[in-house]
Structures are given as C-alpha cells and as structure tokens.
Amino acid sequence: QLARIQTDSVVEMLRELHPDLRFEIVAMSTTGDKILDTALSKIGEKSLFTKELENALERNEVDLVVHSLKDLPTSLPPGFTIGAVCKRENPLDAVVFHPKNCGKTLSLLPEKSVIGTSSLRRAAQLKKRFPQLEFRDIRGNLNTRLKKLDEKEDFSAIILAAAGLKRMGWENRIGQLLSPEDCLYAVGQGALAVEVRAKDQEILNMVSALHDADTVLCCIAERAFMKRLEGGCSVPVAVNSVLKDGQLYLTGAVYSLDGSDSLKETMQTNVNYSQQNEDGPNDDVQHVGITAKNVPGQAQEAAENLGVELASLLLSKGAKHILSVARQLNDA
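Definitions and cut-offs
Residues numbered from 1 in each chain as written. Predicted model: local features only at pLDDT ≥ 70, side-chain atom pairs only at ≥ 80, totals over all residues. Heavy atoms only, no water. Axes fitted to C-alpha atoms, helices over the stretch in contact; angles between N-to-C directions. Helix = DSSP H or I, 4+ residues; strand = E, 2+ residues; numbered from the N terminus. Left-handed = near helix turned anticlockwise from the far one by under 90°. Contact = heavy atoms within 4.5 Å. Nonpolar A, V, L, I, M, F, W, Y, C, P; charged D, E, K, R; others polar. pLDDT = per-residue confidence, 0-100. Pairing = 2+ DSSP bridges. Domains from an automatic or database assignment. Buried area = accessible area lost by both parts, 1.4 Å probe.

1. What about the packing of helix α9 (residues 213–229) against helix α10 (residues 297–316)?
A packed helix pair is summarised by two numbers, namely the angle formed by the two axes and the spacing between the axes. Taken N-terminus to C-terminus, the directions of α9 and α10 make an angle of 35 degrees; their axes are 7 Å apart at the nearest point. Considering how the two elements wind past one another, α9 and α10 form a crossing that is right-handed. Two secondary-structure elements touch here, α9 through L217, I220, A221, A224, F225, R228 and L229 and α10 through A299, Q300, A303, E304, L306, G307, V308, L310, A311, S312, L314 and L315. Of the residues contributing to the contact of α9 with α10, the split by class is 14 nonpolar, three polar and two charged.

Below you can see the structure in the form of structure tokens.
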C-alpha cells in the first residue's frame with residue numbers, strides 16, 4: 001500500500017507537468033516483499049526490493065520505477081540511474097506505541113519492555129540510549145507491523161520511519177519522534193527516488209523536473225558516505241544531514257550491534273554554486289547513482305566528496321573493525 005501511495009504521488013506530479021501523457025501503473029512484488037520470516041539483515045541480498053523492478057525496466061516493460069531511496073544500493077547495476085530524487089519528507093524515525101502505552105515515551109516504558117524493529121541501525125542506537133529496553137525483530141509492511149503491534153501483546157512499541165506513516169495518513173499514530181540525538185536516520189530515508197534507464201534521454205529529461213536540489217545534495221553526501229564505508233542492510237550505519245545558508249553539514253556514525261562501540265563525526269562543505277552551462281559530454285555524470293542535470297555539478301561533487309571524506313575520517317579511527325565485527329556477528 002505504501003509503495004502504491006508513493007508511486008501515485010510521483011505520477012500525480014508528472015501528470016501536472018505533462019497533462020497530455022498517459023501514465024499506466026504496473027504493480028509488482030519483490031523478493032523482499034515475499035521473504036517475511038527472516039530479518040532483512042540476514043537475507044544478505046543487496047537489491048532485495050529492487051531486482052524484479054529493474055528487470056522489468058531492462059525489458060522495457062516499464063519506463064520508470066519509484067522506490068524509497070533508502071532501499072536503493074549505492075551502486076546501481078549498469079544501465080540504470082536515479083533520474084529524480086523528490087523533496088524529502090521528514091527523515092526521522094518515529095515510535096508507535098501499543099494502545100496501552102499511549103502518551104508515553106521510550107524513557108517512560110517499564111523496564112524490559114519489548115520494542116520491535118527490523119533495523120540493526122535503530123536497534124544499535126536505541127540499545128545504547130535505552131539499555132533498560134529489549135529489542136526484537138519485526139517484519140512485514142507497515143500495515144502488517146501495526147497490526148502485530150495492536151492485536152498482540154508481544155510489543156510495547158515499534159520503530160518506523162516517520163515518512164512512511166505520514167504518507168499513509170497515519171501521522172496520528174506517531175507517539176514520539178526520535179531526534180538525531182536519540183537516533184540518526186538511514187541513508188536516503190524519507191526521500192523518493194525514480195529509477196530509469198540511463199540512456200533513455202526522453203524519460204530522463206521528463207523525470208528530472210522532479211528533482212529537489214536540497215534533497216539531492218543531502219542524499220548524494222549520505223550515499224557517498226555509505227558507499228565509502230561499504231555499508232548495507234547488514235551493518236549499523238546512520239546519518240543526519242542539514243543544508244543551511246549554502247553549507248551542507250553531514251553527521252555520520254557506525255555502531256556495533258549492541259551499540260556499545262560507536263564512532264560519530266560531523267563535517268561540512270560549501271555547496272553554494274550556481275548552475276553553469278554544463279552541456280556536452282558531462283551532462284550525464286552520475287553521483288552515487290544519481291543523475292541530476294538541473295543541480296549544479298560542482299555542488300554535487302562537493303556533496304559527494306563530503307560523504308567520502310567523512311567516511312574516510314571514521315575509517316581512520318577504526319570504523320572498519322566495528323563494521324566487520326558487526327557483519328560477522330550478524331552473519332553468525
């Protein structure tokens with residue numbers, strides 16, 4: 001349902017720009033939708049929610065695919081690109097409480113209360129922040145997870161992305177928004193991405209009007225950070241990015257699975273460049289899988305460098321060890 005709402009919202013924007021075009025929506029399910037009894041981090045397949053959709057794109061059965069950007073690997077298969085990154089919804093994580101805990105916050109829950117989350121990133125940070133609570137895996141789409149929460153007594157609360165809840169119209173279920181101090185969010189969280197064939201200029205030009213420049217720059221920095229760390233679903237990597245007065249600030253962190261070991265740093269860069277006439281051989285430069293012709297190339301480069309430098313700083317302080325131990329423990 002959420003995927004459908006997200007796709008509809010993108011198609012709606014395109015219809016407004018191109019009232020003469022007809023858009024047909026094709027629904028599909030993916031490996032990630034089907035394997036519901038295993039933790040995401042254990043499946044180990046990077047393109048869990050994307051492969052089937054990309055196959056259809058490759059076979060020209062569809063022309064564009066709408067994803068949650070956080071589901072897209074930092075390296076796309078050859079021949080594909082992210083042709084649009086739409087304006088980001090609130091990227092923070094949210095706590096949804098069991099009806100009996102209505103009005104509480106995580107710090108007010110009784111000791112040993114069980115919190116549901118399928119994300120190693122959320123669990124690692126929250127274990128450190130709220131050691132009195134217990135964290136357990138919960139899978140399924142938003143509807144399934146809310147049902148599990150409400151109808152059983154297994155969980156006192158679950159953690160979800162605020163963006164998904166807002167798009168579903170369930171904002172009233174958000175009992176607590178987790179600030180970046182409590183929980184840094186996932187790379188690309190809250191942003192929608194439109195994936196297209198990299199060589200399909202017509203489609204690329206059409207969707208590029210949906211790019212939100214600020215979101216593009218924040219997400220390029222976040223994805224570059226993740227890519228340099230070689231992070232994925234199976235390790236706790238988290239970020240927070242802020243663009244203010246032409247300066248892009250990126251906070252990035254890595255955690256051990258129990259949150260006891262962590263590294264966190266913030267860096268900034270200037271992204272205040274104007275759009276130059278950059279036509280010519282460079283007009284299809286990708287930055288961590290994103291093609292954004294209408295965002296100044298120098299700004300995109302600065303954002304990507306920021307992510308790489310921040311990751312390199314963490315690696316120089318021992319991030320590789322934290323992540324490889326997390327990966328081994330998770331695999332075990």
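Back to the write-up after that little detour.
2. Concerning the confidence of the model for the protein chain
The predicted coordinates of low-pLDDT regions are not to be read in fine detail. Of all residues in the protein chain, 91% have pLDDT values of 70 or greater, and the mean over the chain is 90. Here helix α3 (residues 40–43) stands out as the least confident element of the protein chain, with mean pLDDT 50; strand β3 (residues 93–97) is the most confident, with 98.

3. Some remarks on the environment of N143
Tracing the sequence through the fold places N143 in helix α6 (residues 142–151). Sequence-wise, N143 and L2 are 141 residues apart; in three dimensions their C-alpha atoms are separated by 8.9 Å. Discounting chain neighbours no more than four positions away, the residues touching N143 are Q1, M168 and W170.

4. Here's the deal with the pairing of strand β11 (residues 262–270)
Two strands pair when backbone bridges link them, and strand β10 (residues 247–255) and β11 are joined in this way by nine bridges, in the antiparallel orientation. Directly across from A253, in β11, lies its bridge partner K264. Joining the antiparallel neighbours β10 and β11 is a turn of six residues, in which G259 adopts a positive phi near 80 degrees.

5. Comments concerning the domain arrangement of the protein chain
Domains assigned within the protein chain are domain 1 (1–90 + 187–331) and domain 2 (93–177). For domain 1 versus domain 2, the separation of C-alpha centres amounts to 25 Å. Residue-level contacts link 32 residues of domain 1 with 22 residues of domain 2. Carbon and sulfur atoms supply 56% of the area that domain 1 and domain 2 bury against each other, a total of about 2,100 Å² over both sides.

6. Describing the sheet that holds strand β5 (residues 134–136)
Taken in spatial order, the five strands line up as β5-β4-β6-β3-β7 in an open sheet, and their pairing is mixed. The two strands at the open ends of the sheet, each matched to only one other strand, are β5 and β7 (176–178). Here the average twist between neighbouring strands, direction ignored, is 30 degrees. Relative to strand β6 (residues 157–161), β3 is paired through five bridges, and the arrangement is antiparallel.

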